[in-house]
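Residue-level structural notes
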Amino acid sequence: MSEQMSNIPDKPSLDGIEERWMQRWEADDTYRFDRTASRDEVFAIDTPPPTASGSLHIGHVFSYTHTDTIARFQRMRGKTVFYPIGWDDNGLATERRVQNVTGVRCDPTLPFDPDFVAPYNGDVPRDHRAVPVSRPNFVSLCHGVIHDDEEVFEQLVRRLGISIDWSLLYTTIGERAQRTSQLAFLHNLERGEAYQQDAPTLYDIDERTAVAQAEMEDREVPGAYHKLVFHRSDGEGDLTIDTTRPELLASCVAMVAHPEDARYKPLFGTTVRTPLFEVEVPVLAHHLADPEKGTGIAMICTFGDTTDVTWWRELNLPSRALIGFDGRMAADIPDWVTTPGGHEAYAQVAGLAPKQAQRKIVELLQASGEMLGEARPISHPVKFYERGSRPLEIVATRQWYIRNGGRDDDLRNALLKRGEQLNWHPAYMQNRYQNWVGGLNGDWLISRQRYFGVPIPLWYRLDDEGNPLYDEILTPDHARLPIDPSTSFPTGFTEDQRGKPGGFIGDPDVMDTWATSSLTPHIAGGWVDDPDLFARVFPMDMRPQGHDIIRTWLFGSVVRSHHEHGCLPWTDAAISGWILDPDRKKMSKSKGNVVTPINLLEDFGTDAVRYWAASGRPGVDTAFDEGQMKIGRKLGTKLLNVSKFVLGFDGPPADVVPAAPLDRAMLARLADVINEATRALEEFDYARALERTEAFFWWFCDDYVELVKGRAYGTQGDDAARSARAALRQSLDVVLRLFAPYLPFVTEEVWGWWREGSVHAASWPEPAELPATGDATWLVPVSEVLAAVRRAKTEAKLSQRATVDELIVDGPRAALAAVEGCRTDLAEAGGISQFTLSEANALVTVVRLTPSTDVIPAQ
RNA sequence: GGGCGCAUAGCUCAGUUGGUUAGAGCACCGCCCUUACAAGGCGGGUGUCGGGGGUUCGAGUCCCUCUGCGCCCACCA
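This one's a predicted model, so the numbers in the text were calculated from it and none came from an experiment.

Some points on the nonpolar core
- Counting residues in hydrophobic clusters, the biggest one holds 122 residues, and the most contacted among them are W612, L670, F700, Y704, L728 and L807.
- Counting residues per element, this core draws most heavily on helix 19 (residues 686-713), which supplies 14 residues.
- If near-sequence neighbours (up to four positions away) are discounted, L807 is found in contact with V785, V789, I832, Q834, F835, T836, T845, V846 and V847.
- Residues A44, L445, V558 and W570 belong to the second largest nonpolar core, which totals 70 residues.

Some thoughts on helix 1 (residues 17-28)
- For helix 1, with 12 residues, the first-to-last C-alpha span of 16 Å sits near the 16 Å given by 1.5 Å per residue.
- Every buried residue of helix 1 is accounted for by I17, E18, W21, M22 and W25. Each buried residue of helix 1 sits inside an arc of 120° when the element is viewed along its axis, so together they form one side.
- Contact partners of the buried residues in helix 1: helix 2 (58-76), helix 4 (135-159), helix 16 (606-615) and helix 21 (744-754).
- Following helix 1 by one or two positions, D29 has its phi on the positive side, about 55°.

Remarks on helix 6 (residues 306-314)
- Those residues of helix 6 not exposed but buried are D308, V309 and W311. Along the axis of helix 6, the buried residues cluster in a sector spanning 165°; they form a single face.
- Among the structural elements, strand 7 (194-204), strand 11 (252-257), strand 14 (297-301) and strand 16 (393-402) are those in contact with the buried residues of helix 6.
- A positive phi of about 55° marks N316, the residue just after helix 6.

Focus on the environment of A842
- Within the secondary structure, A842 is located in the loop between strand 29 (835-839) and strand 30 (844-849).
- Distance from A842 to A815, taken between C-alpha atoms, is 9.4 Å for residues 27 residues apart in sequence.
- Ignoring anything within four residues of it in the chain, the contact list for A842 reads D810, G811 and P812.

Here's the deal with the layout of surface pockets
- Of the pockets and cavities examined, the second largest pocket occupies roughly 1,700 Å³.
- If you trace the second largest pocket, you find 50 residues lining it, with T244, R245, G304, D305 and H380 closest to the centre.
- Here the element with the most residues in the lining of the second largest pocket is strand 9 (residues 216-232); it accounts for 7 residues.
- Residues of the lining of the second largest pocket, tallied by class, amount to 24 nonpolar, 13 polar and 13 charged.

Describing the packing of helix 18 (residues 661-682) against helix 19
- Running from N to C, helix 18 and helix 19 point in directions that differ by 170°, and their axes come no closer than 9 Å. By the angle class used here, helix 18 and helix 19 are roughly antiparallel. For the pair formed by helix 18 and helix 19, the contact residues are L662, D663, M666, R669, L670, V673, E676, A677, A680 and L681 on the first element and Y686, R688, A689, R692, T693, F696, W699, F700, Y704, L707, V708 and R711 on the second.

Digging into empty space enclosed by the protein
- Taken as a whole, this structure holds 5 cavities of 30 Å³ or more when the rule is applied.
- Taken as a whole, the largest cavity encloses approximately 160 Å³ of empty space.
- Considering the residues around the largest cavity, the lining is formed by 16 residues, among which A212, A214, N404, W444 and R551 are closest to the centre.
- For the lining of the largest cavity, the elements supplying multiple residues, two or more each, are strand 18 (444-445) and helix 14 (550-565).

Quick word on the protein's contact with RNA strand B
- The local shell around RNA strand B holds 49 residues, among which D242, A298, P381, R551 and Y713 are the closest.
- Sugar and phosphate atoms represent 66% of those atoms of RNA strand B found within 4 Å of the protein.
- Take Y225: an N or O atom from its side chain is 3.2 Å from a phosphate oxygen of RNA strand B.
- Within the side chain of K638, an N or O atom sits 3.0 Å from a base oxygen of RNA strand B.
- Those elements giving two or more residues to the surface near RNA strand B turn out to be strand 9, strand 10 (238-243), strand 15 (371-385), helix 10 (430-438), helix 17 (626-647), helix 19 and helix 22 (779-795).
- Looking at the surface near RNA strand B element by element, the count peaks at 10 residues for helix 19.

Scoring rules and cut-offs
Residues numbered from 1 in each chain as written. Chains lettered and ligands numbered in written order. Predicted model: local features only at pLDDT ≥ 70, side-chain atom pairs only at ≥ 80, totals over all residues. Heavy atoms only, no water. Core = buried A, V, L, I, M, F, W, Y, C linked by side-chain atoms within 4.5 Å. Buried < 20%, exposed > 50% of the residue type's maximum accessible area, 1.4 Å probe, protein only. Helix = DSSP H or I, 4+ residues; strand = E, 2+ residues; numbered from the N terminus. Contact = heavy atoms within 4.5 Å. Expected span 1.5 Å × (residues − 1). Arc of directions from axis to C-beta. 1 Å grid on protein atoms, 1.4 Å probe; cavity = no way out; pocket = protein on both sides within 12 Å on 5 of 7 lines; lining within 4 Å. Points joined across faces, edges and corners; volume = space filled by probe spheres on them. Nonpolar A, V, L, I, M, F, W, Y, C, P; charged D, E, K, R; others polar. Axes fitted to C-alpha atoms, helices over the stretch in contact; angles between N-to-C directions. Parallel < 35°, antiparallel > 145°, perpendicular 65-115°, else oblique. Near = heavy atom within 4 Å. Polar contact = N/O pair within 3.5 Å; in protein donor to acceptor, adjacent residues only side chain to side chain.

As structure tokens, then:
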């Protein structure tokens, strides 16, 4: 036995290896990016920054592992890997969390209170009324909470063995991110890609902010059709319509039917009077009106839904909006309601929330006989903000937009082309991009009426009455960024001119969180402050992410890079699937079925959890499966044990080349595996590479090691032993490196027994390292014969150590040559006394055992 | 209504340009303490490859069609 045995524990164990190697990698800067490398030596990854206010869940473990396998592969191939991470801590998610944890809410009208202390830190009682605080106080609380969250995140990501370069850590609320986001916005503004517009906007009345198309979702909610009676102005009768939103009746600006609808054709151009409010509105024609729906004629309100907006715009209708930012009916009687009856009706709904207003209106309509029958309940899809709890309203507001092709076919086509240029893994994910871009119906709304975000870096002049002149935009010098326009003032003004006639005001809004995270390559790459670094990493190589945020993060990033650089931000997008729970439902926090990752890592070990994650095919939703983790655990243990066996022999001299045909055949098979794994990983198919490596490894342990065991111990002489020992070491060396991207801890552990440095800094194996003359096909009949012997003993209920009196192998010449070539190894592994080989068409093995009669195993 | 994906053993899934009797692991059962490994080893059964049609010498694989499930988008009177 070798002197190296001293390095190898008697009982190798997986316990505690994470802690040991995490520390070593940190101390040795194993994953440090080499910023002197030129662009072609770099592999740059645009890692998704997890939302700091959430919690890391099993889905993160899944997708971060996928990325890490690619990162480790590329590093071993000789690239210096630019592998940053960031925390996405700006935005509404953080504000929510802070409200929940501290029991406050932001009221931007309040002054800063330097002595303010939040009422809670943790569990806020249910009946607690949120304490209003100033914006600076609120922002400061946000910073405190995210700091704590981010510590926890970092620990988990380290524990997962993700080969991040922690010196590159960024946050999306950090100064560099703010500078990046504001500078990119100002560039967009200068080039005309950003613009403001006062227009109907989907608006969340609870969060009091506008939201973008990409953040909306449909939810099926209960509603009801109400049949309302409108009176023809010529007194010739009534018109009835069906509506789900009778509360908007006072906002009705017109009636609309399909131009070819014979029922209503004669009425086009006439007017009707609305019930209750007695407002005269025209009857108009538009092709979007569906004769099949309801009574075939609809009331247009400003604004009940997006179709109303379309009609309003295309039919040049007046705006009679009544629902304001607070989500309530306007308090004052609108001036288009002119009759005493109308006034009386409106007075009863003024100031009400939509639901209450609806109840009241229905009451009034029923009393006046202008609603026919009862409301008919239905279930219908309604637009919600994805984080919201009440339906979105449409409110006319001034907002900032970035052009994304939603209103411009040339830009849309250019962005569709970018989608084609991007290499998608798996390829079909491109459809989601094309589908989304093709279906955009407006530009990207980026302004949010929120607080914890990157401020829109603009001021507006005030006229002599003190009213904002939104067309007179005051921009900061780029060198001043980042700025907060509420605390800094524009060049040429003084702070005391804020809010004064002839002075200025700052834009009160912040940017959508996606408007900043769409610049993660720029933030991580130092676009604003480290052009040397940026030139070495941009455009990046890989964007890993989930398919659910193709429309937001991926598309937003493509838009920004297209505007700013006229290119894609990366060449390849690797899309991970979701984790489903065993019932095949998407795992989500709200469903309460999320498994805590830290427990898994402790129960199974990091490598085992990574093994499960890496078994999930790229892009494919994968069921959470502890069984898979058990297999990963077994694999790690096996690796330890077989390594102990292989390294237990003295290492043969370095120049020994395995000579035995069996050894060379095994190495030839391994060379094939290297080729397959390399090809797969180049295509971002980590799962295939793992599968091939693993299949080889189990065959290696079960058959090859058993066959050569005796020879390695020296039963066939020194030369034969040297061949086996050299082959065992060479193959172990390769196998460890093939597994290293997946099982970073156990491979490093074993590597440390006999090699210098880290396996993760070693080079990716190449077939050229192995002797080229072996014939891998050779191994098939040998394994088959070995299996036949084992089967025969099992069926005879004998120990595997039982002696075979005679082994008779009939088969094709090539198979016989293979068996003959390693007959001594076979004889030792199978306890075979005598071989009889004869040529035949098919391979048939007969095993003669004592005391039983001949056993001819079923083939 | 449009798009995409999925459907293979009881379960989770491989099956790469079409090619012999369709694979793995888990689970289950049996045998074995064999000196790397009993938290192990060896062996075993199980399939109308969702249905139907087509192309082909040959189809799990390609084409058409139907069914079921999932996701995305559109519709929202």
